[in-house]
Amino acid sequence: MAETGTKPRNATVLKTARPPLHKVILVNDDFTPREFVVRLLKSEFRVPEAQAMGIMLTAHTKGSCVVAVFTREVAEEKASRANDLSRSMGFPLLLTTEPEQ
Ligand code: TYC
């Protein structure tokens, strides 16, 4: 086959697609004990004690705090598990999710 020496036009640049991330947000309330919030952050989100305390205090003073970011499915599953656990203990604690940016 003869070499034409031409280059393909409109070369497609392939990017590795990353799934959009979603934030899990801890919302303050007046009823859930601080200790329960810290324990839940440690058990469900695997954050160390000091970080769990910081997240809880930020939500407590500012109204809400981002706990972590995940893919949408994981963020929704984690928030849902945490809300179920809180409900099973009789607390109104709420974790929500929203897309990043
Ligand atoms: N405000 C609660 C209290 O004073 C503690 C708390 C902190 C609850 C953060 C929820 O997301 C929260 N007992």
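Structural data are supplied above this passage.
> What is the right way to look at the site of the ligand in this model?
Lining the immediate environment of the ligand, one finds Leu-26, Val-27, Asn-28, Asp-29, Thr-32, Arg-34, Val-37, Met-56, Ala-59, His-60 and Leu-93. Here Asn-28 contributes a side-chain N or O atom positioned 2.8 Å from a nitrogen atom of the ligand. Between the ligand and Thr-32 there is a distance of 2.9 Å, counted from a nitrogen atom to a backbone nitrogen or oxygen. Here the ligand loses 88% of its free accessible area of 350 Å² to cover by the protein chains. Taking a 2 Å distance to the grid points as the criterion, the majority of the atoms of the ligand fall inside the largest pocket. Taken together, the elements giving at least two residues each to the shell around the ligand come down to β1 (21-27), α1 (34-45) and α2 (49-62).

> Help me out: how do you make sense of the nonpolar core in this one?
The nonpolar side chains of soluble globular proteins are, as a tendency, buried together. Among the nonpolar cores identified, the biggest contains 20 residues, and Leu-26, Leu-40, Leu-41, Phe-45, Val-67 and Leu-95 are the most heavily contacted of them. Sorting elements by how many residues they give to this core places α1 first, with six residues. Each residue touching Leu-40, except ones within four places of it in the same chain, is listed here: Phe-45, Ala-82, Leu-85, Ser-86, Leu-93 and Leu-95.

> Looking at this structure, how should I read the packing of aromatic side chains?
Aromatic ring pairs: the centre-centre distance and the angle between the two ring planes describe each pair. Under the criterion given, the structure shown has two aromatic pairs. Ring centres of Phe-36 and Phe-91 lie 4.9 Å apart, and the angle between their planes is 50°; this geometry places the pair in the tilted category. With Phe-36 in helix α1 and Phe-91 in the loop between α3 (72-88) and β3 (94-99), the pair connects residues that are 55 residues apart, well separated along the chain. When its relative accessible area of 6% is taken as the criterion, Phe-36 is described as buried. Arranged with centres 6.5 Å apart and planes meeting at 35°, the rings of Phe-45 and Phe-70 form a pair that is tilted.

> So what exactly am I meant to see when it comes to the layout of surface pockets here?
Left-over empty space is what a probe sized like a water molecule reveals as it rolls over the atoms. Here the largest pocket is characterised by a volume of approximately 170 Å³. Lining the largest pocket are 13 residues, and of these Asn-28, Asp-29, Thr-32, Val-37 and His-60 sit closest to its centre. Put simply, the parts of the chain that give the lining of the largest pocket at least two residues each are β1, α1 and α2. For the lining of the largest pocket, the leading source of residues is α2, giving three residues. When grouped by side-chain class, the residues that make up the lining of the largest pocket number seven nonpolar, three polar and three charged.

> It is not clear to me how the pattern of salt bridges should be interpreted in this structure. Could you clarify?
In a structure, side chains of opposite charge can pair up when their charged atoms sit close to one another. Tallied over the entire structure, the rule returns five salt bridges. Put simply, Glu-98 and Lys-23 hold a salt bridge, and the shortest N to O gap is 3.3 Å. Of this pair, Glu-98 sits in strand β3 while Lys-23 sits in strand β1, and the two are 75 residues apart along the sequence. By relative accessible area, which is 36% here, Glu-98 ends up partly exposed. Note on Lys-23: relative accessible area 19%, which makes it buried. When the shortest N-O distance is used, the salt bridge between Lys-42 and Glu-49 registers 2.5 Å. The exposure class assigned to Lys-42 is partly exposed, which follows from its relative accessible area of 32%. Among the residues examined, Glu-49 registers a relative accessible area of 40% and is labelled partly exposed. Within the structure, one salt-bridge network assembled from shared partners comprises Arg-72, Glu-73 and Glu-76.

The rules behind the values
Residues numbered from 1 in each chain as written. Predicted model: local features only at pLDDT ≥ 70, side-chain atom pairs only at ≥ 80, totals over all residues. Heavy atoms only, no water. Near = heavy atom within 4 Å. Polar contact = N/O pair within 3.5 Å; in protein donor to acceptor, adjacent residues only side chain to side chain. Areas by Shrake-Rupley, 256 points an atom, 1.4 Å probe, with all protein chains shown as cover. 1 Å grid on protein atoms, 1.4 Å probe; cavity = no way out; pocket = protein on both sides within 12 Å on 5 of 7 lines; lining within 4 Å. Sits in = over half its atoms within 2 Å of the grid points. Helix = DSSP H or I, 4+ residues; strand = E, 2+ residues; numbered from the N terminus. Core = buried A, V, L, I, M, F, W, Y, C linked by side-chain atoms within 4.5 Å. Buried < 20%, exposed > 50% of the residue type's maximum accessible area, 1.4 Å probe, protein only. Contact = heavy atoms within 4.5 Å. Phe/Tyr/Trp six-rings, centres within 6.5 Å; stacked < 30°, edge-to-face > 60°. Points joined across faces, edges and corners; volume = space filled by probe spheres on them. Nonpolar A, V, L, I, M, F, W, Y, C, P; charged D, E, K, R; others polar. Salt bridge = Lys/Arg side-chain N within 4 Å of Asp/Glu carboxyl O.

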